[in-house]
Amino acid sequence: MASLPERPPVGLPPLPPGWTEHKAPTGHMYYYNAEIKKSTYVRPIAEPQSFPEPVAPPTPPPPPSYGTAAPNANFDLFNPFAAKPAAPDYNAHPELLNAQAHYEGPSRGHSGRGGFDARGERRPFQNRRRDPQDRPKHRHDIPDCTPWVLVQTKLKRRFVWNKDTNESFWKFPAHVMKGVVEFDRQQREKRERRERGETSDDEAAAAMAEMEAELADEEAQAQAQVVEVDGDVGMENDEEYEEVEVTDDEGQPEEHPSKRQRTEEPQDAPDDQGMELGEDDIAWQLAAMEGEYDEDEEEGLPLTEEDCKALFKELMDDLRLSPFTPWDKILEDDRLYEDDRYKALTNMKARKECFSEWARERVQILKELKANQQKLDPRIPYLSFLHGLATPKLYWPEFKRKYKKEPEMKDMKLPDKDKERLYRDHVKRLGMKSSELRSDLSALLKSQPLASLNRSTTLGTLPPSVLVDLRFISLPASTRDSIIEDFVSRLPPAPEGTGPSAEEEAETRKNRAERERRERALADRERKVHEDKRRQERDLAYGKGRLREEEMEIERAMKVGKDGLRGQLSGYDGGE
Amino acid sequence: MPPVRTQGGKKKPPPEGFEDIEDTLLEFQTRMRDAEKAPHEGKKKYETTWPIFQIVHQRSRYIYDLYYTKEAISKPLYDYLLKNKYADAMLIAKWKKTGYEKLCCVRCIQTQETNFRSTCICRVPKKQLKESEEIECVNCGCRGCSSGD
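Each value, and the rule that gives it
Residues numbered from 1 in each chain as written. Chains lettered and ligands numbered in written order. Predicted model: local features only at pLDDT ≥ 70, side-chain atom pairs only at ≥ 80, totals over all residues. Heavy atoms only, no water. Helix = DSSP H or I, 4+ residues; strand = E, 2+ residues; numbered from the N terminus. Buried < 20%, exposed > 50% of the residue type's maximum accessible area, 1.4 Å probe, protein only. Contact = heavy atoms within 4.5 Å. Areas by Shrake-Rupley, 256 points an atom, 1.4 Å probe, with all protein chains shown as cover. Buried area = accessible area lost by both parts, 1.4 Å probe. Salt bridge = Lys/Arg side-chain N within 4 Å of Asp/Glu carboxyl O. Polar contact = N/O pair within 3.5 Å; in protein donor to acceptor, adjacent residues only side chain to side chain. Patch = residues over 30% accessible without salt bridge, like charges linked within 9 Å, V, L, I, M, F, W, Y side chains within 5 Å. Lys, Arg positive; Asp, Glu negative; His and termini not counted. Charge placed at Lys NZ, Arg CZ, Asp CG, Glu CD. 1 Å grid on protein atoms, 1.4 Å probe; cavity = no way out; pocket = protein on both sides within 12 Å on 5 of 7 lines; lining within 4 Å. Points joined across faces, edges and corners; volume = space filled by probe spheres on them. Nonpolar A, V, L, I, M, F, W, Y, C, P; charged D, E, K, R; others polar. Domains from an automatic or database assignment. Pairing = 2+ DSSP bridges. Axes fitted to C-alpha atoms, helices over the stretch in contact; angles between N-to-C directions. Phe/Tyr/Trp six-rings, centres within 6.5 Å; stacked < 30°, edge-to-face > 60°. pLDDT = per-residue confidence, 0-100. Core = buried A, V, L, I, M, F, W, Y, C linked by side-chain atoms within 4.5 Å. Parallel < 35°, antiparallel > 145°, perpendicular 65-115°, else oblique. Left-handed = near helix turned anticlockwise from the far one by under 90°. Expected span 1.5 Å × (residues − 1). Bend = angle between axes of the 7 residues up to and from the residue.

*Asks:* For this particular structure, what's the right way to read the overall build of chain A?
*Replies:* Regarding its fold elements, chain A presents 23 helices and 8 strands. Taken across its 576 residues, chain A has 42% of its residues classed as buried. Expressed as a percentage of contacts within chain A between residues at least 6 apart in sequence, the contacts between residues at least 24 apart total 63%. Surface exposure of chain A reaches about 32800 Å², of which carbon and sulfur atoms provide 52%.

*Asks:* Just checking my understanding: could you explain the interface of chain B and chain A for this structure?
*Replies:* Where interface size is quoted, it is often the accessible area lost as the parts come together. Listed per partner, the contact involves 16 residues of chain B and 16 residues of chain A. With both sides pooled, the region where chain B packs onto chain A buries about 1500 Å², and carbon together with sulfur makes up 54% of that total. When the buried area of chain B at its contact with chain A is split by residue, B:Asp20, B:Lys70 and B:Glu71 rank highest and sum to 34% of it. The shortest N-O distance in the salt bridge between B:Asp20 and A:Lys370 comes to 3.5 Å. If you look at where chain B meets chain A, you find 6 residue pairs in polar contact (both at pLDDT 80 or more). Elements with a minimum of two residues in the side of chain B that touches chain A: α1 (18-37) and α2 (50-69) of chain B. Here the element with the most residues in the side of chain B that touches chain A is α1(B); it accounts for 5 residues.

*Asks:* Sorry, what's going on with a negative patch on the surface here?
*Replies:* On the surface, a cluster of negative charge is made up of A:Glu503, A:Glu504, A:Glu505 and A:Glu507. As for its placement among the helices and strands, A:Glu507 is situated in helix α22 (residues 502-558).

*Asks:* Is there a simple way to explain unusual backbone geometry in this structure?
*Replies:* All names here are of chain B. Backbone geometry at Glu 71 places phi at a positive 50 degrees, although glycine is not the residue there. Following the sequence through the fold, Glu 71 ends up in the loop between α2 and α3 (75-83). Taking relative accessible area as the criterion, Glu 71 reaches 35% and is therefore assigned partly exposed. Here Arg 117, not a glycine, exhibits a phi torsion of approximately 55 degrees, which is positive. The residue Arg 117 is located in the segment after α4 (89-95) in this model.

*Asks:* I'm lost on the layout of surface pockets in this one. Help?
*Replies:* Of the volumes computed, that of the second largest pocket is approximately 1200 Å³. Lining the second largest pocket we find 33 residues, and of these A:Asp328, A:Lys352, B:His57, B:Arg61 and B:Asp65 sit closest to its centre. Of all the secondary structure elements, the ones that give two or more residues to the lining of the second largest pocket are α11 (327-331) and α13 (348-372) of chain A together with α1 and α2 of chain B. Per element, the largest residue contribution to the lining of the second largest pocket is 8 residues, and it comes from α2(B). Looking at the lining of the second largest pocket residue by residue, the classes come out as 10 nonpolar, 8 polar and 15 charged. Both of domain 1 (17-35 + 46-96) and domain 2 (104-149) of chain B provide at least three residues apiece to the lining of the second largest pocket.

*Asks:* Explanation requested: the sheet that holds strand β3 (residues 38-40) of chain A in the structure shown.
*Replies:* Hydrogen bonds along the backbone pair up the strands of a sheet, which may run parallel or antiparallel. All names here are of chain A. Taken together, the 3 strands give an open sheet; going across it, the order is β1-β2-β3, and neighbouring strands pair in antiparallel fashion. Looking at strand neighbours, the two that pair on one side only are β1 (19-23) and β3, the edges of this open sheet. Pairwise comparison of adjacent strand axes, ignoring direction, gives a mean angle of 30 degrees for this sheet. Pairing of strand β2 (residues 29-33) with β3 involves 3 bridges; the strand directions are antiparallel. Within the sheet, the bridge partner assigned to Tyr 31 lies in β3 and is Thr 40.

*Asks:* I'm lost on the packing of aromatic side chains in this one. Help?
*Replies:* Aromatic rings in a pair are described by how distant their centres are and how their planes are angled relative to each other. Counting across every chain of the model gives 22 aromatic pairs over all chains. With centroids separated by 5.7 Å and ring planes inclined at 85 degrees, the aromatic side chains of B:Tyr68 and B:Tyr78 adopt a geometry described as edge-to-face. Here B:Tyr68 is found in helix α2, whereas its partner B:Tyr78 is found in helix α3, with 10 residues between them in sequence. Ring pairs connect the aromatic residues A:Tyr382, A:Phe385, A:Trp396, A:Phe399, A:Tyr403 and A:Tyr423, which therefore count as one cluster.

*Asks:* How do you make sense of the confidence of the model for chain A when you look at a structure like this?
*Replies:* Residue and element names in this part refer to chain A. Chain-level statistics for chain A give a pLDDT mean of 71 and a share of 61% at 70 or above. Taken as a whole, residues 1-10 scores under 50 in pLDDT and shows 19 contacts with residues more than four places along the chain or in a different chain. Scored below 50 in pLDDT, residues 224-277 shows 120 contacts in the model against residues more than four places distant or in partner chains.

*Asks:* Would you explain the nonpolar core in this entry?
*Replies:* Across soluble globular proteins, you tend to see nonpolar side chains buried next to one another. A:Tyr382, A:Leu386, A:Phe399, A:Tyr423, A:Leu441 and A:Phe472 are the most contacted members of the largest nonpolar core, which totals 30 residues. At the level of secondary structure, the elements contributing two or more residues to this core comprise α14 (379-389), α15 (396-402), α17 (416-430), α18 (434-446), α20 (470-473) and α21 (477-489) of chain A. Discounting residues that sit within four places of it in the chain, A:Leu386 has contacts with A:Phe399, A:Leu422, A:Tyr423, A:His426 and A:Ile473. In terms of nonpolar packing, the next biggest core, distinct from the first, is built from 26 residues, B:Leu25, B:Ala35, B:Ile73 and B:Leu81 among them.

*Asks:* Where do I start with the confidence of the model for chain B in this structure?
*Replies:* Close inspection of predicted coordinates is inappropriate in any region flagged by low pLDDT. Per-residue confidence for chain B gives a mean pLDDT of 90, with 97% of residues at or over 70. Here the predicted complex scores 0.49 on pTM and 0.86 on ipTM.

*Asks:* Teacher, can you tell me more about the packing of helix α10 (residues 305-318) of chain A against α13(A) here?
*Replies:* In a packed pair of helices, the relevant descriptors are the angle between the two axes and the axis-to-axis distance. Residues and elements named next belong to chain A. α13 packs onto α10 with a crossing angle of 60 degrees between their chain directions and a minimal axis gap of 10 Å. Taken together, the axes of α10 and α13 lie oblique to each other. Here α10 runs over α13; the crossing is right-handed. Judged by residue contacts, Lys 309, Phe 312, Lys 313, Met 316 and Asp 317 of α10 engage Arg 351, Cys 354, Phe 355, Glu 357, Trp 358, Glu 361 and Arg 362 from α13. Residue classes in the contact of α10 with α13 are distributed as 5 nonpolar, no polar and 7 charged.

*Asks:* Help me out: how do you make sense of the pattern of salt bridges in this one?
*Replies:* Oppositely charged side chains can form a pair if their charged atoms are brought close together. Residue and element names in this part refer to chain A. Counting across every chain of the model gives 37 salt bridges over all chains. Residue Asp 307 is joined to Arg 517 by a salt bridge in which the shortest nitrogen-to-oxygen separation is 3.1 Å. Highlighted residues: Asp 307 in helix α10 and Arg 517 in helix α22, separated in sequence by 210 residues. Comparing Asp 307 with Arg 517 shows no difference in burial state: the two are buried.

*Asks:* Whenever I open this one, the pairing of β1(A) confuses me. Can you help?
*Replies:* Residue and element names in this part refer to chain A. Alignment of β1 against β2, held across 5 bridges, turns out to be antiparallel. Of the residues in β2, the one forming a bridge with His 22 is Tyr 30. Counting the residues between successive antiparallel strands, the hairpin from β1 to β2 contains 5 residues, one of them, Gly 27, with a positive phi of roughly 100 degrees.

*Asks:* Where do I start with α1(B) in this structure?
*Replies:* Residue and element names in this part refer to chain B. For α1, which comprises 20 residues, the first-to-last C-alpha distance of 27 Å matches the rise-based estimate of 28 Å (1.5 Å per residue) to within 8%. Taking the largest bend as the criterion, α1 deviates by roughly 30 degrees, centred on Thr 24. Considered for burial, the residues of α1 that qualify are Phe 18, Ile 21, Thr 24, Leu 25, Phe 28, Met 32 and Ala 35. In this structure, the buried residues of α1 make contact with α2 and α3.

*Asks:* Can you walk me through the packing of α18(A) against α21(A) in this structure?
*Replies:* Residues and elements named next belong to chain A. Interaxial distance between α18 and α21 falls to 11 Å at its minimum, and their mutual angle equals 40 degrees. If you check the angle between α18 and α21, you find them oblique. Considering how the two elements wind past one another, α18 and α21 form a crossing that is right-handed. Of the residues in α21, those in contact with Arg 438, Leu 441, Leu 445 and Lys 446 of α18 are Thr 479, Arg 480, Ile 483, Ile 484 and Phe 487.

In structure tokens:
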């Protein structure tokens, strides 16, 4: 509440005649003049200010360019919400209308977005600032009313806006009303069709994107223009299309009875619209309105059960979990909970089922992969191990004992007999002449088919048929590698192979698109949940505020001063 | 005296796919070792064996799930695991029967060991127990393994 003037210190100059001092529900002092029906936060001194400051809406601080302006002045004018809370004031204080209209002009300096919270009047207690600000969200063209556009706000309220004249109304003018009715009907039909699953998602997404782009465009335009907001054009009294807040006290004299008001506040202080309506009424109306709009509201992207499951499975895939892990172990992984997709499925049982389904599928995939993959010959690692360590100085039992801890020696896939035979043969070959060994190696290389051994082969990608041969490891690495490289460089290139087919590519692309759609849908749902939560919190805060207010009221009533009941009695007498 | 034949070079490798589940089995093995060495102070006499039963149950269930529901391991590997006592074959045999799908341990269905020829309290469905009655059976600390729960 930084923008509000502080409570005047104790020793202040007395108020000029006609002004009275009051305490706002927020706890701030304000001053009210019953004669000119104005109220202000600023303590009037000798001369009352020409610009009264309405008390109710504590607003963000006015832009600096805007010295004398009242808090109302920073209403965003494009945004009709901004002006709306003031609309009841128009009825209450016709003389203020001009004044407001007067400073609406210069206030264009303020940004298009910010503005005033439309629900200021709903929350006459301290924490109203926490609530989200309303702003236009979706724009729909109204059929057959070309300049008029139906705008839906973040808080799901709707108003119409004339693109040409830049006028906007909460209440729909008569000719626009017909268009809106028509539009609603179309929307309903569309939704029904979608429920039957006829509309494609792509179409909806495209439309959404287009709409948003347009909206952004319009906002930018509107910021550069002066907009007039007028709430008093002739309107139809159609209940469904009426903005409840505005109409309720329309045309009513300001003095209509309100007991509570009279006891503690001046009856027609400009901030009292909320009080006059009764907070309950407003809350109820807003709730009703929201409900109504909720029904209207297009659901985001549809998120079916299969989508949820697929999302969860993708999460498993992305975390690179092993399908052989038990479920309890999976749950110990913190990364699981950090991901939003974890919440796609709502309960643990579903998650477990989904996991075992995923594991089953995944195991099948792994099995296929393994079947396709060539089995690694256990002789390959063993022979390369021998190549490094075998020596004619050690007999097999000695060698075995010396290196029994090595994984190659412990490998049970290669039986001990084979290991021994390979070792003995290898050691025998090590005693041969190097020229013989060379010719053996080149004979081995020549015997390889061109498909497996060709010019593109490197030392790392030699075919297994070469790797398992004893002739390959007989020479020391340095001479052997140079011989092989030399041989390979003289080979012709590999015969034509086949790359990944177009079908496979299409398949992967389709999968990716599907996945993106699901993720978007999940994000949509998250957002909706957040919004609901926020709304609930707001209602809670509202209720708390009311409770606190009532408590304060009771406290005030219970307070008995030094002179006992006399003070209250005298007040009562005075009232009589 | 017959020649001493060691398993030395004749040891057969485990069947295909054992390396996939080896880590998990090792983990169970460590947990089992810890449970065996856990101090018994402050526990009732019958409580000391509970963790052992629980680990046996979990490991058996893991292998049972892998073979029967996920179909992730082959028959030879499953047989190998049973033969090497990674899973309790008797328990798994019970799980295949209707009404015993969640059985905690074989001892809990031994009617011979009870006074009135009845099963363990953990076999009683929650519905038939008194409201908000928390039970832990004496044999294995099971809190209820009735199929309907």
